[in-house]
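Observations on the three-dimensional arrangement
These are the residues of each chain, in order.
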Amino acid sequence: MFHGKQKNIDYKANQYTVHLKNKQGELIDIIFNLSDDGLAFRYEFPETSSELKKIIEEKTTYNFIKNAKAWLQPMSKAKTGWKETNPSYEENYVMGVPVDTKPEIGEGWVYPALFNANDTWILITETGLHANYSGTRLVYNELLGGMQVTFPQKEEVLNEGALNPQSQFPWITPWRIITIGSLKTITESTLGTDLADKAIDMDTSFIKGGLASWSWVLLKDDFTNYETSMKFIDYAAEMNWEYCLIDADWDIKIGYDKMKEMADYAKTKQVKLLVWYNSSGNWNSTVYTPKSKLLTHSERETEFAKLQEMGIAGLKIDFFGGDGQSMISYYHDILKDAATHNLMINFHGATLPRGWHRTYPHLMTVEAVKGEEFITFFQETADLQPSHCAMLPFARNVFDPMDFTPMVLDSIPNINRRTTPAFELALPVLFLSGIQHIAEIPEGMAKQPKYVVDYLKEIPTNWDEAKFIDGYPGKFMVMARKKDNTWHIVGINGENSPKEIEIDLSFVSGKNGIVITEDDNGFKLENVTISGNTKLRVKMKSFGGFVAKF
């Protein structure tokens, strides 16, 4: 894998195929894969047909014992929200509720969905979503007493294209995945990419993860201009970050010629530029530009060739329209065309990518989360941030990269941030994203201790190994990630009471390191030497956190 929790992965499973036919002799196979960390299955129609077949309903249903609890993100109502941009997987989770709980929005639940009964945890999702199937979600079926796999809302289509799955035979569905075990099993599992399609044949030499500076999240529209963008290029260079993202309306406020000039300047600073695009045609009323330049293959070829010639490294593409098959096909088409022009991709206002970053290694990250952007707009979202962030490593970010755009160490205009600086400092390591867009601006970074700034100059995104230390969905999370010979250990406390953690450091024995915590005066640095039986005791403040590096 080019980025994510683990670089080199071996997948081993026992496979069992059930061959079935109906009264007319028509064939269907169900393929089961059983691995140490869970069960996966999918359906295959093995016959050959030139006729277009359609699936009107999928009967797959997950049933649970009566005391099971669920941690779920609601599916939003299509064509609602700002400029009719829903659905985009940007809701807060309900946590620890009965499985038959009805979502307030009324459209079911998105993947990944987390469940617990007794000592067993289960994470349900899907992967291997091809262009000839729709994305699905879970809706509780009272008659069947379980969560049924359900097709999208009627509005979730591209230009009145296909909604539900349709294809010629042979035809194979996405994998349905049930990761089963402890919270350690869930958070360390790689089933979501193990079962994704292998990478397409493409040049991968241009693919490189890293951190990015980004002005828009805290400064908003008025600062998407030439002067601010140059400042943020210099900021990225000073922080040893690989990228700088220029957001919406750059084509008007900066222009293609000036953007080329900026890309040339950034190259002298060892920084590459990423630029924003509006995916939309007519499925919402957004006006941000560039818009309607990616809708067809010929339009994408023209635009992508221009960007490649300008020296642009990648695109952030926003405001997609849901999970219908025609919209899913649009994602695939963009990724295929971007690959031929050596452009990395970030989808925003988008669906869960469902393992696509294995199939398309240049897909660096996808939003599909209620992230920092919402915190900057709504105090209610800021109030929920601590528990929300402590939920994400157990569900949304288990398998797929997540563009939360984390970390404000100083302040958010007009918002009372509830998390402490140490909580925020932990997020770029805790959250997995091929390109990690950092919310903090130069003025906020200038206020931080030198050791904090130095720490942020060396944050990987392509981890070799992940190790779950301790945690509970929505309450707290402590995770260790390894890159080369260095271990990063980070923790966040999602609750409004102090928490003390004891960490067995035998897996980093013999290393020297630092631990950054905080007290009432701000950040606090401690140098630590690890012997064979060292245990690290860390106190996290209410809504606080820590980072360590060995």
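Placed above this text is the structure.
Description of the structure in this document. (Residues numbered from 1 in each chain as written. Predicted model: local features only at pLDDT ≥ 70, side-chain atom pairs only at ≥ 80, totals over all residues. Heavy atoms only, no water.)

1. Things to note about the sheet that holds strand β21 (residues 476-483)
Note the cut-off: DSSP bridges decide pairing: two strands pair if at least two such bridges lie between them. Segments assigned H or I by DSSP are reported as helices when at least four residues long, segments assigned E as strands when at least two residues long, and all are numbered from the N terminus. In this analysis an axis means a line fitted to C-alpha atoms, helices contributing only their contacting stretch, and an angle means the value between N-to-C directions, from 0 to 180 degrees. Note on contacts: a residue pair is in contact if any heavy atoms of the two residues lie within 4.5 Å.
The strand order across the open sheet built from six strands is β20-β21-β22-β27-β24-β25, with neighbouring strands paired in antiparallel fashion. Whereas interior strands pair on both sides, the edge strands pair on one side only; in this sheet they are β20 (465-472) and β25 (522-529). Taking each pair of neighbouring strands and ignoring which way they run, the sheet shows an average axis angle of 15°. Here eight bridges tie strand β24 (residues 512-519) to β25, and the two strands are oriented antiparallel to one another. Of the residues in β25, the one forming a bridge with Ile514 is Asn527. Helix-sheet contacts for helix α12 (residues 421-430) involve β21, β22 (486-493), β24, β25 and β27 (545-549), and the interaxial angle to β22 is about 130°.

2. Examining the packing of helix α11 (residues 379-391) against α12
Where we set the bar: A crossing counts as left-handed when the near helix is turned anticlockwise from the far one by less than a right angle, and as right-handed when that turn is clockwise. The classification used treats Ala, Val, Leu, Ile, Met, Phe, Trp, Tyr, Cys and Pro as nonpolar, Asp, Glu, Lys and Arg as charged, and all other residues, Gly among them, as polar.
The contact between α11 and α12 brings their axes to 12 Å, and the two run at 35°. Seen along the crossing, α11 lies across α12 with a hand that is left-handed. Across from Gln385, Pro386 and Cys389 in α11, the residues of α12 making contact are Phe423, Glu424 and Leu427. Residues of the contact of α11 with α12, tallied by class, amount to four nonpolar, one polar and one charged.

3. Points about unusual backbone geometry
For the bond running from Tyr111 to Pro112, omega is -15°, close enough to zero to count as cis. The residue Pro112 is located in strand β7 (residues 109-117) in this model. Across the junction of Thr289 and Pro290, the peptide omega takes the value 0°, indicating a cis bond. Inspection of the secondary structure puts Pro290 in the loop between β15 (272-278) and α7 (297-310). If you check the backbone angles, Gln270 has positive phi at about 60° while not being a glycine.

4. Some points on the pairing of strand β10 (residues 146-150)
Selection rule: Burial here depends on accessible area, computed with a 1.4 Å probe over protein chains only, as a share of the maximum for the residue type. Under 20% is buried, over 50% is exposed, and the range in between is partly exposed.
Counting buried positions along β10 gives four out of five residues, so the element sits mostly inside the fold. Sheet topology note: the strand β4 (residues 61-63)/β10 ladder contains three bridges and is antiparallel. Considered in β10, the bridge of Asn63 is made with Gly146. Sheet topology places strand β9 (residues 137-141) next to β10; five bridges connect them, and they run antiparallel. Of the residues in β10, the one forming a bridge with Leu138 is Val149. Where β9 folds back onto β10 in an antiparallel hairpin, the turn is made up of four residues, including Gly145, whose phi is positive at roughly 70°.

5. Observations regarding the sheet that holds strand β16 (residues 314-318)
The seven strands lie next to each other as β18-β17-β16-β15-β14-β13-β19, forming an open sheet whose pairing is parallel. Two strands bound the open sheet, and with one partner strand each, they are β18 (363-366) and β19 (435-437). The sheet shows a mean angle of 25° between the axes of neighbouring strands, taken without regard to direction. With three bridges connecting them, strand β13 (residues 210-214) and strand β14 (residues 243-246) associate as parallel partners. Within β14, the residue paired with Ala212 across the bridge is Tyr243.

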